[in-house]
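# Descriptive analysis of the structure
Listed below, chain by chain, are the residues.
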Amino acid sequence: MKIGVFDSGYGGLTILKEIRQRLPHYDYLYLGDNARNPYGSRSFEIVYEFTLQAVKALFERGCHLVVLACNTASAKALRSIQQQDLPLIDPAKRVLGVIRPTVEILPDISKSGHVGVLATPGTVKSRSYSLEIAKIAPEISVVEHACPMWVPIVENNEINTPGADYFIKKEIDVIMQKDPFIDTLVLGCTHYPLLLDNIRKFLPENVNVLCQGPLVAESLSQYLIRHPEIEERLSKNGSIKYLTTEHTEKFDSLASLFLDKQIESHTVAIP
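Anyway, here's the lowdown on the structure attached to this text.

How each quantity is defined
- Residues numbered from 1 in each chain as written.
- Predicted model: local features only at pLDDT ≥ 70, side-chain atom pairs only at ≥ 80, totals over all residues.
- Heavy atoms only, no water.
- Helix = DSSP H or I, 4+ residues; strand = E, 2+ residues; numbered from the N terminus.
- Buried < 20%, exposed > 50% of the residue type's maximum accessible area, 1.4 Å probe, protein only.

## Considering unusual backbone geometry
With an omega of 5 degrees, the peptide bond running from N37 to P38 counts as cis. Among the structural elements, P38 can be located in the loop between β2 (28-32) and α2 (44-60). Omega for the peptide link from I270 to P271 comes to 0 degrees, which places this bond in the cis form. One can find P271 in the segment after β10 (265-267). Not every positive phi belongs to a glycine, and R127 is a case in point at roughly 60 degrees. R127 gets classed as partly exposed once you look at its relative accessible area, which sits at 45%. A positive phi is found at D260, a non-glycine position, where the angle reads about 60 degrees. In this fold, D260 is placed in the loop between α14 (248-259) and β10. Judged by its relative accessible area of 60%, D260 falls in the exposed class.

What follows is the structure, encoded as structure tokens:
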């Protein structure tokens, strides 16, 4: 059985990259629903429907455990899939998200108790980070701020341009004006790690920046230790296969930006 990694597009590749570095001996299957992205502007119902279709597609292709490497899917679909669908599909299978592993570390990182979250408009609208942080550490003050231009900057390979710096500085300035006491900034979109150097240029030195990839990878590692009944069923050949609902040429070209290497994908239809 493989580990499935799903995203609405390309950003989840940053999560996959970190997971494979942390857990290289497992077999992985990545699925990007590039033909129907972005998910961020879609309703909860549509995101849930699309995400469930993708999860089922990964299950059908031999995945026992699926990671939703997408903040929008984690925010709008994860809980419903875990509670409503998995008991009917197969109670032994698991679906995990990226938001909980990201926020669990915050009480140990933030000294001021003031945290900022930069994410897509859809994730910010869902308030998923605020809600999860409130469950774990209700004393932490949270400001969520949407950065609608950041994903297009990455996907159009405009990272090292004056325009990118303009839009990055603009959003950094806004969130720090909303709460000058922020000492920890969460990058709540899987595209944003590619902008990390730009982001740090415009932040005060005392502000920590948290990228999701290493946190999700470590959380998955600990999860498999806690659940040997799942870990024992996972195949360990160190393989990786990439699937997309788009044309492979487009996917392979953009995927190279996220993985720093050339890959070869395969087109699939879901459902």
